[in-house]
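# Survey of secondary and tertiary structure
Now for the letters of each chain:
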Amino acid sequence: GVRSESFDRQKMEKTLAGLGKRRFLLHNVHEDAPVVFNTRWAMSYLAGPLTREQISALCSAAKRQSAAPAPPPPVARTSAQQSAQESAGDAPVLAPGIHQVYLPAKGGNLVYYPRVIAAAEIALSDSRLNVDERRPVLVTAEIGDGPLPVDWDSSEILPLAKDGLLDAPLPGAGFAEFPSAAASEKNYRDWEKLLMQWLRKTQSVRLYSSSKYRMTSGSGETEGQFRVRLQQLANEKRDDAVDKLRKRYGSKALVLENRLLRSEQAIQREQQQSTKKKLDTAVSLGTAILGALLGRKRLTSSTASRVGTTIRSAGSAQKEASDVARAKETAQKVRSDLEALNAELEREIDALETAFDAQAEELEEVLVKPKTTDIHIELVGLAWLPYSRDTTGRLTPAWSA
């Protein structure tokens, strides 16, 4: 039970009213507070809303039951009576319109038990979603004696083809008790109508759609296979995006690299010119001074002119050195621009969706349901399922595919 001291009815009603799809509320008496959780899959054993035919059958059965006298209490059969009935060699005699089939059996000491069987072929197609599928269905269900003797939601898929069914029982086999509802030919027509509704509701193609990549899974492709394909596509798109980025930045980098090459060549040229200018200036100055000291006793106007030219040449050499410094600054600026361009490229690559995880992608389910004209019911009849009885009386399924 819920502990009253911790139960807030108003809060609980608000929480329940706000639950979305596939979200559930779990209240554990051993925990301090309820927990809201989400799940991708949920199984329900409820049959869902009743159809009009089922409601009519229930109402008719209720009227008959209220008008009819109370049935006498059932008489318990002795093991000898049950053994005698199940050891009978022939199947019960039914109306000619009731199709009887027998599942192939293996083993001995067989006992046949009755169930309703249905075979159908379903066409599923959708050109937009590239679906074109033909699906055979062979199912069997229990037959009861209540107002709804057959519930196709509780049916089982038989692991064999319709062509594998037999028209006669194996010799020496017994037959279990026969439900009265299975003796009415009209019931099989009613069950066929319910079967059509059940097939339309359950026999659909389930596809998975990714809104992010605008892709839908193929017919027969599982969710896991589709997620693998999504991951491959995401990786390919990322690689393409990275290639486009590298090409776009490659042209910019090429311009800067050419500029850097010209800058380095300018540095070498300016350095050579500066070195030559310094050397010429030094030689000219030395020559002028030596000529003044050794060639003449006094500094003539020619010598003075030569010294002046040498001084101007020294100024030009200083200018050449400044040109070298400017060329180095230009080269350094180009290198900085290249580094900034590479850093920007890396940032844009990191900004791409490199962390896409297909397993965490929220997929939408798309159902391709069959139309009534796409369902061909081949058989609704009575099937006899073989069971093998061992020495202790225990029954085990004995049909084979």
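Residues numbered from 1 in each chain as written. Predicted model: local features only at pLDDT ≥ 70, side-chain atom pairs only at ≥ 80, totals over all residues. Heavy atoms only, no water.

Our focus in this paragraph is the overall build of the chain. Along the backbone of the chain there are six helices and twelve strands. The burial tally for the chain puts 30% of its 401 residues in the buried class. Expressed as a percentage of contacts within the chain between residues at least 6 apart in sequence, the contacts between residues at least 24 apart total 73%. Of the roughly 26,500 Å² of accessible surface on the chain, 53% is carried by carbon and sulfur atoms. (Helix = DSSP H or I, 4+ residues; strand = E, 2+ residues; numbered from the N terminus. Buried < 20%, exposed > 50% of the residue type's maximum accessible area, 1.4 Å probe, protein only. Contact = heavy atoms within 4.5 Å. Areas by Shrake-Rupley, 256 points an atom, 1.4 Å probe, with all protein chains shown as cover.)

Turning to the sheet that holds strand β9 (residues 215-216), a few remarks are in order. Read across the open sheet, the three strands follow the order β9-β8-β10; overall the sheet is antiparallel. Among the strands making up the open sheet, the edge pair consists of β9 and β10 (364-368). (Pairing = 2+ DSSP bridges.)

With that settled, consider the side chain of Ser209. Among the secondary structure elements, Ser209 is positioned in strand β8 (residues 205-210). Not counting residues up to four positions away in its chain, the partners in contact with Ser209 are Met215, Thr216, Phe226, Leu363, Glu364 and Val366.

Ranked by size, the top nonpolar core spans 38 residues in total, and within it Val116, Trp152 and Leu199 carry the most contacts. Among the elements of the structure, β4 (110-126), β5 (131-141), α4 (185-202), β8 and β11 (375-389) are those that each provide at least two residues to this core. The residues touching Val116, leaving out its near neighbours within four places in the chain, are Val139, Thr140, Ala141, Ile143, Val150, Trp152, Tyr188, Trp191, Val380 and Gly381. Judged by nonpolar contacts, the second largest core, of 15 residues, contains Ala253, Leu260, Ala331 and Leu345. (Core = buried A, V, L, I, M, F, W, Y, C linked by side-chain atoms within 4.5 Å.)

Here the focus is the environment of Pro34. Looking at where Pro34 falls in the secondary structure, it is placed in the loop between β1 (23-26) and β2 (35-38). Each C-alpha atom, one on Pro34 and one on Thr15, is 10.0 Å from the other, the two residues being 19 residues apart in sequence. Pro34 has contacts with Met12, Leu25, Leu26 and His27, leaving out every residue within four places of it along the chain.

For the rest of this paragraph, the subject is the pairing of β4. Of all 17 residues in β4, 13 are buried, a share of seventy percent or more. Where β4 meets β11, 13 bridges bridge the pair, whose relative direction is antiparallel. Bridging across to β11, Val111 finds its partner in Tyr387. Pairing between β4 and strand β7 (residues 174-175): two bridges, direction parallel. Each bridged residue has a counterpart across the sheet, and for Val111 the counterpart in β7 is Gly174. Between β4 and β5, which pair antiparallel one after the other, the connecting turn spans four residues, and Asn130 there sits at a positive phi close to 60°.

For the rest of this paragraph, the subject is the pattern of salt bridges. In this structure the tally under the stated criterion is ten salt bridges. Close ionic contact of Glu221 with Arg229 constitutes a salt bridge, the shortest N to O distance being 3.0 Å. Exposure remark for Arg229: the relative accessible area of 31% places this residue in the partly exposed category. Several salt bridges converge on common partners, so that one network encompasses Arg115, Glu142 and Glu156. (Salt bridge = Lys/Arg side-chain N within 4 Å of Asp/Glu carboxyl O.)

With that settled, consider a nonpolar patch on the surface. A cluster of nonpolar side chains, namely Phe24, Leu26, Val35 and Phe37, defines an oily patch on the protein surface of about 330 Å² accessible area. Inspection of the secondary structure assignment puts Leu26 in strand β1. When its relative accessible area of 46% is taken as the criterion, Leu26 is described as partly exposed. (Patch = residues over 30% accessible without salt bridge, like charges linked within 9 Å, V, L, I, M, F, W, Y side chains within 5 Å.)

This part takes up the packing of aromatic side chains. Here the structure, examined in full by the defined rule, presents eight aromatic pairs. Pairing Tyr387 with Trp399 gives two aromatic rings, centres 5.4 Å apart and planes at 85°, and the pair type is edge-to-face. You can see Tyr387 sitting in strand β11 and its partner Trp399 sitting in the segment after β12 (395-397), a full twelve residues away along the chain. One aromatic cluster is present, built from ring pairs that chain together Tyr102, Tyr112, Phe175, Phe178 and Trp384. (Phe/Tyr/Trp six-rings, centres within 6.5 Å; stacked < 30°, edge-to-face > 60°.)

All right, on to unusual backbone geometry then. Unlike most non-glycine residues, Asn109 shows phi in positive territory, near 55°. Tracing the sequence through the fold places Asn109 in the loop between β3 (100-102) and β4. One non-glycine residue with positive phi stands out, namely Asn130, at about 60°. Residue placement: Asn130 occurs in the loop between β4 and β5.

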